[in-house]
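Structural characterization, general
Letter by letter, the chains look like this.
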Amino acid sequence: MIDVKKIRKDFPILNRKVNGNSLIYFDNAATSQTPKIVIDAIVDYYSNYNANIHRGVHTLSQEATDDYEQARLKIQKHFNAKKAHEIILTSGTTHGINLVATGFTSLLKKGDEIIVSALEHHSNIVPWQMLCERTGAILKVIPISLKGELIFEEYEKLLSEKTKIVFVGHVSNALGTINPIKKIIKKAHNVGAAILIDGAQATPHIKPDMQELDCDFYVCSAHKICGPTGVGMLYGKEEWLYKLPPYQGGGEMISEVTFEKTTYADLPHKFEAGTPNIAGVIAFGVALDYMNEIGFDNIASYENELLDYATKKLLEIDGLKIYGTSAKKTAVISFNIEEIHPYDIGTIIDKLGIAVRTGHHCAQPIMDFYNIPGTIRASFTFYNTKEEIDIFVNAVIRAKNMLL
Ligand SMILES: *Cc1c(COP(=O)(O)O)cnc(C)c1O
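Parameters and conventions
Each chain has its residues counted from 1, running along the sequence as written. Reporting in this predicted model follows two pLDDT cut-offs: at least 70 for local features of residues, and 80 or more for side-chain atom pairs to be given and counted; totals over whole chains, interfaces and linings ignore these cut-offs and use all residues. To get the side-chain values, all heavy atoms of the structure are used, and hydrogens and water are removed first. Each helix is a run of DSSP H or I of at least 4 residues and each strand a run of E of at least 2, with the numbering of both proceeding from the N terminus. A radius of gyration in this sense is built from C-alpha atoms; the matching globule rule multiplies 2.2 Å by the number of residues raised to 0.38. Note on exposure labels: buried denotes an accessible area under 20% of the residue type's maximum, exposed denotes more than 50%, and partly exposed covers the range between, all computed with a 1.4 Å probe on protein chains only. The contact rule is simple, with two residues in contact once any of their heavy atoms fall within 4.5 Å. Here the positive residues are Lys and Arg and the negative ones are Asp and Glu; neither His nor the chain ends is included. Here the site of a charge means NZ on Lys, CZ on Arg, CG on Asp, or CD on Glu. Domain delimitation in this document rests on an assignment produced automatically or drawn from a domain database. Using a 1.4 Å probe, buried area is obtained as the accessible area two parts lose upon being combined, added over both of them. Each salt bridge in this description consists of a side-chain nitrogen of Lys or Arg and a carboxyl oxygen of Asp or Glu lying within 4 Å of one another. As used in this structure description, the phrase polar contact means that two N or O atoms lie within 3.5 Å; if the pair is within protein, one of them must be able to donate a hydrogen and the other to accept it, and residues adjacent in sequence are counted only when both atoms belong to side chains. Two kinds of site are reported from a 1 Å grid over the protein atoms alone, namely cavities, where a 1.4 Å probe fits but cannot get out, and pockets, open sets with protein on both sides within 12 Å along at least five of seven lines, and residues are called lining when an atom falls within 4 Å of a point. Grid points are joined across faces, edges and corners, and a volume is the space filled by probe spheres set on the points. Only Asp, Glu, Lys and Arg are considered charged, only Ala, Val, Leu, Ile, Met, Phe, Trp, Tyr, Cys and Pro nonpolar, and every remaining residue, Gly among them, polar. To estimate how far a helix should reach, multiply one less than its number of residues by 1.5 Å. One heavy atom within 4 Å of a molecule or strand is enough for the residue carrying it to be called near that molecule or strand. Molecules are considered to sit inside a cavity or pocket once more than half of their atoms lie within 2 Å of its grid points. Lines fitted to the C-alpha atoms define the axes, with helices restricted to the stretch that makes contact. Angles between their N-to-C directions range from 0 to 180 degrees. In these notes the angle categories are as follows: under 35 degrees is roughly parallel, over 145 is roughly antiparallel, 65 to 115 is roughly perpendicular, and the rest is oblique. Crossing handedness is read from the near helix: turned anticlockwise from the far helix by less than a right angle, it gives a left-handed crossing, and turned clockwise, a right-handed one.

A short note on the overall build of the protein chain
A count of helical and extended segments in the protein chain gives 14 helices and 17 strands. The globule rule puts the C-alpha radius of gyration for 404 residues at 22 Å, and the 22 Å found for the protein chain is close to it. Reported as C-alpha extents along the three principal axes, the dimensions of the protein chain are approximately 70 × 55 × 35 Å. Of all 404 residues assigned to the protein chain, the portion counted as buried reaches 54%. Of the contacts made within the protein chain by residues no fewer than 6 positions apart, 71% connect residues no fewer than 24 positions apart. Taking the 42 positively charged and 47 negatively charged side chains of the protein chain as two groups, their mean positions are separated by 3 Å.

Structural notes on the domain arrangement of the protein chain
Each assigned domain of the protein chain is listed with its residue range as follows: domain 1 (4-30 + 295-403) and domain 2 (39-292). Domain 1 and domain 2 are separated by 28 Å when their C-alpha centres are compared. Residue-level contacts link 34 residues of domain 1 with 34 residues of domain 2. Per-residue buried area on domain 1 facing domain 2 is highest for Phe296, Thr330 and Ile366; these three make up 25% of the total on that side. Between the two partners, domain 1 and domain 2, sit 0 salt bridges. Between domain 1 and domain 2 we count 14 residue pairs in polar contact (both at pLDDT 80 or more) in total.

Remarks on the layout of surface pockets
In this model, the largest pocket occupies a volume close to 340 Å³. In terms of lining residues, the largest pocket is bounded by 26 residues, among which His121, Ser123, Ala200, Gln201 and Lys224 are the most central. At the level of secondary structure, the elements contributing two or more residues to the lining of the largest pocket comprise helix H4 (93-103) and helix H5 (122-135). The leading source of residues in the lining of the largest pocket is H4, at 3 residues. Partitioning the lining of the largest pocket into residue classes produces 6 nonpolar, 15 polar and 5 charged. Lining the lining of the largest pocket are residues from two domains, each supplying at least three of them: domain 1 (4-30 + 295-403) and domain 2 (39-292).

Observations regarding helix H10 (residues 278-294)
For H10, spanning 17 residues, the distance from its first C-alpha to its last is 25 Å, which sits close to the expected 24 Å at 1.5 Å a residue. For H10, the tally of buried residues reaches 14 of 17 residues, placing the bulk of the element in the interior. Looking one or two places after H10, you find Gly295, whose phi comes out positive at around 100 degrees.

Digging into the site of the ligand
Around the ligand, the surrounding shell consists of Thr93, Thr94, His121, Ser123, Asn124, Asn173, Asp198, Ala200, Gln201, Ser221, His223 and Lys224. In the model, an oxygen atom of the ligand is placed 3.4 Å from a nitrogen or oxygen of the Thr93 main chain. Lys224 places a polar side-chain atom, nitrogen or oxygen, 2.7 Å from an oxygen atom of the ligand. Counting atoms within 2 Å of the grid points, the majority share of the ligand lands in the largest pocket. Secondary structure elements with two or more residues in the shell around the ligand: H4 and H5. Per-class residue counts for the shell around the ligand are 1 nonpolar, 9 polar and 2 charged.

Structural notes on the packing of helix H2 (residues 36-48) against H10
As a packed pair, H2 and H10 sit with axes 9 Å apart at the nearest point and diverge in direction by 150 degrees. Here H10 runs roughly antiparallel to H2, going by the angle between their axes. Relative to H10, the crossing made by H2 is right-handed. From H2, Ile37, Val38, Ala41, Ile42, Tyr45 and Tyr46 reach across to H10, where they touch Ile278, Ala279, Ile282, Ala283, Val286, Ala287 and Tyr290. A class-by-class count of the residues in the contact of H2 with H10 yields 13 nonpolar, no polar and no charged.

Section: the pattern of salt bridges
Scanning the entire structure with this criterion turns up 17 salt bridges. Across the pair Lys237 and Asp216 runs a salt bridge, and its minimum N-O distance is 3.2 Å. Within this pair, whereas Lys237 is found in the loop between strand S10 (232-236) and helix H9 (238-243), its partner Asp216 is found in the loop between helix H8 (210-213) and strand S9 (217-221), the two being separated by 21 residues in sequence. Both residues of the pair, Lys237 and Asp216, belong to the buried class. The salt bridge partner of Asp390 is Lys313, with a shortest N-O separation of 3.4 Å. Taken together, the positions of Asp390 in helix H14 (residues 386-403) and Lys313 in helix H11 (residues 296-315) put the pair 77 residues apart, joining distant regions of the chain. For Asp390, a relative accessible area of 25% puts it in the partly exposed group. Residue classification places Lys313 among the partly exposed residues on the basis of a relative accessible area of 28%. Within the structure, one salt-bridge network assembled from shared partners comprises Asp27, Arg357 and Arg377.

Quick look at the structure:
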């Protein structure tokens, strides 16, 4: 059970006013708000033990190193990775994807195939297109149905011994569809392909188990899971992390350097060049602790309640159409009302203190598929309430009446 009144007290930002109204924050799929305990961890680091890690013998450096490595262990435990050095700390999902896509340059040849899904975020499409340009590999796309689900039979048809890597989001950011990734992973492995899962939208709602899923790579961002911006995780199976070359050269990632030859540090440091976001990583660990204390089962069932409630209320509005109607979706509602431009509704309801996302949600191919310029996307999380949804629905009705 979620004690939402109590939870809301953990988030200082929820007290603020926007244009004279209490903030209603329904843009959680873009970034989540930050609980005080996470903010405090960042303040504590800079106030008490700010130092560079893994190098100094002095007390501050040791304290910072301990907390940084402790955070890696928390992340390992949360995702049930077999080994701590399979957790690479990154600046976020985008960084993790680029690290893998760049690493594959030396593993691909002309005519090899890469499969991505039509549900992907731009940050998931572009690095693979760039990889194709570098290697002569061919990009294949799994199409979606009108409900916004991947068409599994089409995916099976695309797979062959030419497929070298498959890239699929766990959950779609534009529509909220939860993909059947366990089945998708198994099929990829059947043809000997590697598979990378983008967990940016799934990790705020689901606790994925790396060993059970058996994926080769999994990426996410802390800022969508109550953590700070600019930090994230790449999980990679040990065998794959050994196979991939380092992504960036710099401090921390080397073992020995001479002008003749440099040897690389062991995992995970091989992929962590330069001074990382130390406070951010520590705060990421605290955010996971915070979420686990509430419990992901509790979070999912409460969010489903909000999703059902909001879907029902919104569909009572004449002319309102929801995009993405899979039975398996997270608490994301993408919609339009008749021909009204999403931006116009977004602007009016912002005046009433309500934050939603309008536009193509970095997923232009999905918008093209539905032949629309974009949608209004409301995304809910465990600190939102039904009362907020009521206010939001009334605001949408008001905007509609002004614009039509
Ligand atoms: C947010 C998001 C990203 C990008 O995350 P960054 O933190 O900006 O790197 C990638 N994929 C999906 C599905 C997302 O929702």
